[in-house]
Amino acid sequence: MAIPTLEELKNVTVERLTCVPEEKDVNVAIEQLAAAHPQLAPVLLIRPSRKGDVAVIDFVGSIDGVEFPGGSGQDYPLELGSNSFIPGFEEQLENRNIGDVVNVRVPFPEDYHAKELAGKKAVFRCTIKALKQKKPAVLDDQFAKQFGVENMADLRKAITEGIQENMNEAAFEKARHELMEKMADQFPMEAPADIVKSEVEILCSHDPELSEEEATKIATRRAQQGVLLVQLANEHGITLTDEEMTEALKLELQKYGPQAPQILQAYKSNPQLLHMFRAAEMEKKTFKWLLEQVTVVEKPVSSEEFAKIMSEVGM
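Presented here is a report on the structure given in the accompanying data block. Model, not experiment: these values are computed from the prediction.

Some thoughts on the overall build of the protein
Phase 1 of the analysis: Along the backbone of the protein there are 10 helices and 7 strands.
Phase 2 of the analysis: For 315 residues, the compact-globule formula gives about 20 Å, and the C-alpha radius of gyration of the protein, at 27 Å, lies well above that figure.
Phase 3 of the analysis: With the C-alpha coordinates of the protein rotated into their principal frame, the extents come out at 80 × 50 × 40 Å.
Phase 4 of the analysis: Considering the protein as a whole, with its 315 residues, one finds that 34% of them fall into the buried category.
Phase 5 of the analysis: A separation threshold of at least 6 residues defines the contact pool for the protein, and within that pool the share at least 24 residues apart is 70%.
Phase 6 of the analysis: Within the structure as shown, the protein displays about 19,800 Å² of accessible surface, and the carbon and sulfur contribution to it stands at 52%.
Phase 7 of the analysis: In the protein, the 35 positive side-chain charges and the 53 negative ones have mean positions that sit 6 Å from each other.

Pasting the structure below:
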């Protein structure tokens with residue numbers, strides 16, 4: 001089918017939700033933040049450690065008497081019962097006193113991510129240096145400074161902006177899905193067989209229970225939508241500059257925090273991965289252009305309505 005004209009695009013209507021965070025949304029977010037960052041206060045009573053305590057420990061791990069890389073630490077705050085260390089480790093530090101030196105004997109799980117340690121028996125020499133308890137965080141300016149702002153007012157502002165950004169992104173994705181479904185219905189394109197086949201393989205690998213028939217249906221639809229966007233980009237001279245690509249990659253890497261260097265290296269060493277990222281960004285830019293051509297009807301909703309709608313559409 002022919003590429004839709006600008007006039008035809010104007011006749012396509014799509015709804016886009018608009019929503020502004022309410023005070024209660026910000027309050028809930030701050031409560032969640034406080035629960036995730038409790039204060040640690042020293043255990044004042046002279047008593048042994050117990051589940052729920054945070055034991056501050058030094059530890060040195062060894063296998064057959066030989067220390068191994070990554071097996072030691074100092075002043076490590078370990079919450080007993082959190083299961084953040086390998087199974088069986090934390091239980092051996094319960095009912096202990098400050099100053100105790102404990103030889104924790106545990107096997108690494110067979111499926112441990114470090115293959116050279118998987119299934120091996122280790123001994124961790126642990127020194128308990130302090131015992132602390134979690135206390136509810138005091139929501140003051142000192143608490144706010146943990147998150148790079150000066151006071152609670154700035155923290156509330158930052159959280160409000162973050163919620164707004166998440167709402168905008170969710171509304172954008174909903175509009176994108178609905179608009180592309182309409183476009184595929186009104187302006188069907190031929191789906192290249194090789195792209196459909198590749199997409200089916202990806203879908204089935206991610207969901208083994210998905211039938212080949214259903215996977216083919218989904219893959220064909222996606223391929224038709226992709227072809228339409230490519231055709232529109234070619235027709236209207238939409239391109240992705242190197243500067244835009246660099247900025248997009250920079251924003252993507254920010255999501256990974258301290259792991260960003262490893263992710264960047266993965267992109268650099270895998271041209272196909274970088275090509276896929278560029279294609280996704282190109283598709284995103286083309287869709288934004290498309291959204292400017294069609295008729296967008298904005299629908300203001302409350303935060304409760306917004307959450308309900310997003311839940312119903314699986315977002």
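Points about helix α4 (residues 152-186)
Phase 1 of the analysis: In this model α4 runs 50 Å from its N-terminal to its C-terminal C-alpha over 35 residues, within 8% of the 51 Å that 1.5 Å per residue would give.
Phase 2 of the analysis: Capping the start of α4, N151 holds a side-chain oxygen 3.2 Å from the backbone nitrogen of A153, two or three residues further along.

Details of helix α5 (residues 193-206)
The periodicity of an α-helix, 3.6 residues per turn, causes residues three or four places apart in sequence to face the same way.
Phase 1 of the analysis: The terminal C-alpha atoms of α5 lie 20 Å apart, and with 14 residues this matches the ideal 20 Å at 1.5 Å per residue to within 8%.
Phase 2 of the analysis: Among the residues making up α5, those that are buried are V196, E199, V200 and L203. End-on view of α5: buried residues confined to an arc of 110°, all on one side of the axis. Turned more than 90 degrees away from the buried face of α5, the exposed residues are D194, K197 and S205.

Rules of the game
Residues numbered from 1 in each chain as written. Predicted model: local features only at pLDDT ≥ 70, side-chain atom pairs only at ≥ 80, totals over all residues. Heavy atoms only, no water. Helix = DSSP H or I, 4+ residues; strand = E, 2+ residues; numbered from the N terminus. Rg over C-alpha atoms; globule rule 2.2 N^0.38 Å. Buried < 20%, exposed > 50% of the residue type's maximum accessible area, 1.4 Å probe, protein only. Contact = heavy atoms within 4.5 Å. Areas by Shrake-Rupley, 256 points an atom, 1.4 Å probe, with all protein chains shown as cover. Lys, Arg positive; Asp, Glu negative; His and termini not counted. Charge placed at Lys NZ, Arg CZ, Asp CG, Glu CD. Expected span 1.5 Å × (residues − 1). Polar contact = N/O pair within 3.5 Å; in protein donor to acceptor, adjacent residues only side chain to side chain. Arc of directions from axis to C-beta.

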